[in-house]
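A closer look at the structure
For reference, the chains in residue letters:
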Amino acid sequence: MPSCVIAEDEDLLRAALASLLAEAWPELEIAALCEDGGSALEAIADHAPDYAFLDIRMPGLTGLEVAAAAAESNPATRVVFVTAYDQYALDAFERGAVDYLLKPVTRERLDATVRRLQARSGESHPDAATLAVLLRQLQAQPRGDAPEPLSWITASNGRETRLILVEDVLYFRADNKYTVAVTAEGEALLRTPVRELLGLLDPAVFKQVHRATIVNIKAIAAVVREDGGRGLLRLRGRDETLPVSQPFMPLFRNM
């Protein structure tokens, strides 16, 4: 029985796609429903699905970043992008032989995609290099109505509430329902969970490297690869290291 992972940050759209897939392809098992790029990458590593339906714009890692990383660790997983991008971007997708669904997803369009996937079941998926080119092309496009990323945050430190420039944060670490923001001056507590914070940060600067950690890539001094596919990040001017989960290691392939 073929399986898939669905990643979409909007609850209603995620549920709607799962429902349409169940109708269009009853034999397809939905192994995981994910609401951000990091959890999608982990789900692909855990379940090794035959297919992954990935929204392009997700908190943390974009769908293209997830696909590029998964292409190295799970090359058999074929990706279908779910996108609201215009025709310019879709031309780029087609040149890269990438399957995609245009939002809003209709049953007719999904039926066509399912037939194409079934017909191409033996074909290879574009490699990480091809997906990286597509990612650069899409990043060069205007963000449209996408909200501007956070530029500063308020955080608690005892009885004091601090104003912190986001660019000064070295990394964010989950702490139960809250988040610790670590800067060169110390630590402060945010009431926003890591999962919610992902969608508010600049994805070009802040990357999720672990289920509980988001790092400022400008703070990274080195990547240490460990046995088992995991890694450690060494930070500039800091003694501590940050663990990198195995699914996220392909993000540092060129470092």
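Residues numbered from 1 in each chain as written. Predicted model: local features only at pLDDT ≥ 70, side-chain atom pairs only at ≥ 80, totals over all residues. Heavy atoms only, no water.

Where an unreviewed UniProt entry is consulted, the protein appears under the name LytTR family DNA-binding domain-containing protein, with the organism given as Luteimonas endophytica.

A word on the nonpolar core. With 37 residues, the main nonpolar core has Leu54, Val66, Phe81, Val215 and Leu233 as its most contacted residues. For this core, the element with the most residues is helix H3 (residues 63-73), which contributes 5 residues. With 17 residues, the next largest nonpolar core counts Leu17, Leu21, Val80 and Leu101 among its residues. (Core = buried A, V, L, I, M, F, W, Y, C linked by side-chain atoms within 4.5 Å. Buried < 20%, exposed > 50% of the residue type's maximum accessible area, 1.4 Å probe, protein only. Helix = DSSP H or I, 4+ residues; strand = E, 2+ residues; numbered from the N terminus.)

All right, on to the packing of helix H1 (residues 11-24) against helix H5 (residues 107-119) then. Relative orientation of the contacting elements H1 and H5 amounts to 60°, with a least axis distance of 10 Å. Relative to H5, the element H1 is oriented oblique. The two elements H1 and H5 cross, and the hand of that crossing is right-handed. Between H1 and H5, the residues in contact are Leu20, Leu21, Glu23 and Ala24 and Arg107, Leu110, Asp111 and Val114, respectively. By residue class, the composition of the contact of H1 with H5 is 5 nonpolar, no polar and 3 charged. (Axes fitted to C-alpha atoms, helices over the stretch in contact; angles between N-to-C directions. Parallel < 35°, antiparallel > 145°, perpendicular 65-115°, else oblique. Left-handed = near helix turned anticlockwise from the far one by under 90°. Contact = heavy atoms within 4.5 Å. Nonpolar A, V, L, I, M, F, W, Y, C, P; charged D, E, K, R; others polar.)

Taken together, the 3 strands give an open sheet; going across it, the order is S13-S14-S15, and neighbouring strands pair in antiparallel fashion. The two strands at the open ends of the sheet, each matched to only one other strand, are strand S13 (220-225) and strand S15 (241-244). Ignoring which end each strand starts from, the neighbouring axes of this sheet average 25° apart. (Pairing = 2+ DSSP bridges.)

This brings us to the packing of aromatic side chains. Under the criterion given, the structure shown has 2 aromatic pairs. Plain terms: the ring middles of tryptophan 25 and tyrosine 51 are 5.3 Å apart, the flat faces sit at 55° to each other, and that makes the pair tilted. Of this pair, tryptophan 25 sits in the loop between H1 and strand S2 (29-34) while tyrosine 51 sits in strand S3 (residues 51-55), placing them 26 residues apart in sequence. When the ring of phenylalanine 172 is compared with that of phenylalanine 206, the centres are 5.7 Å apart and the planes differ by 50°; the resulting orientation is tilted. Placement of the pair is phenylalanine 172 in strand S8 (residues 169-175) and phenylalanine 206 in strand S11 (residues 206-210), with a sequence separation of 34 residues. (Phe/Tyr/Trp six-rings, centres within 6.5 Å; stacked < 30°, edge-to-face > 60°.)

The residue aspartate 36 is located in the loop between S2 and helix H2 (37-47) in this model. Overall, the relative accessible area of 2% leaves aspartate 36 in the buried class. Separated by 2.8 Å, the side chain of aspartate 36 and the backbone nitrogen of serine 39 make a polar contact. Here the side chain of aspartate 36 touches arginine 195 through a polar contact of 2.5 Å, side chain to side chain. What aspartate 36 contacts, discounting residues up to four positions off in sequence, is Met58, Pro59, Arg195, Leu198 and Gln208. (Polar contact = N/O pair within 3.5 Å; in protein donor to acceptor, adjacent residues only side chain to side chain.)

Bringing the packing of H2 against H3 into the picture now. It is at 9 Å that the axes of H2 and H3 come closest, and there the two elements cross at 20°. Comparing their axes, H3 and H2 come out roughly parallel. In this structure, H2 meets H3 at a crossing whose hand is right-handed. Contacts between H2 and H3 involve Gly37, Ala40, Leu41 and Ile44 from the former and Val66, Ala69 and Ala70 from the latter. Considering only residue class, the contact of H2 with H3 consists of 6 nonpolar, 1 polar and no charged.

This part covers the pattern of salt bridges. As enumerated under the stated definition, the model contains 12 salt bridges in all. Between glutamate 23 and arginine 107 there is a salt bridge, and its shortest N-O distance comes to 3.3 Å. Placement of glutamate 23 in helix H1 and of arginine 107 in helix H5 is noted, with a sequence separation of 84 residues between them. For glutamate 23, a relative accessible area of 44% translates into the label partly exposed. Salt bridges sharing common partners tie together Asp11, Arg14, Glu35, Asp36 and Arg195. (Salt bridge = Lys/Arg side-chain N within 4 Å of Asp/Glu carboxyl O.)

Turning to the environment of aspartate 227, a few remarks are in order. Structurally, aspartate 227 is set in the loop between S13 and strand S14 (231-235). Sequence separation of aspartate 227 and glutamine 246 is 19 residues, and the distance between their C-alpha atoms is 9.9 Å.

Attention now goes to unusual backbone geometry. Apart from glycine, the bulk of residues carry a negative phi angle, and the bulk of peptide bonds sit in the trans form. Cis geometry is adopted by the peptide bond preceding proline 104, which originates at lysine 103 and carries an omega value of -10°. Among the secondary structure elements, proline 104 is positioned in the loop between strand S5 (99-102) and H5. Residue asparagine 176 is not a glycine yet carries a positive backbone phi of 55°. Its place among the elements puts asparagine 176 in the loop between S8 and strand S9 (178-183). Owing to a relative accessible area of 77%, asparagine 176 belongs among the exposed residues under this scheme.

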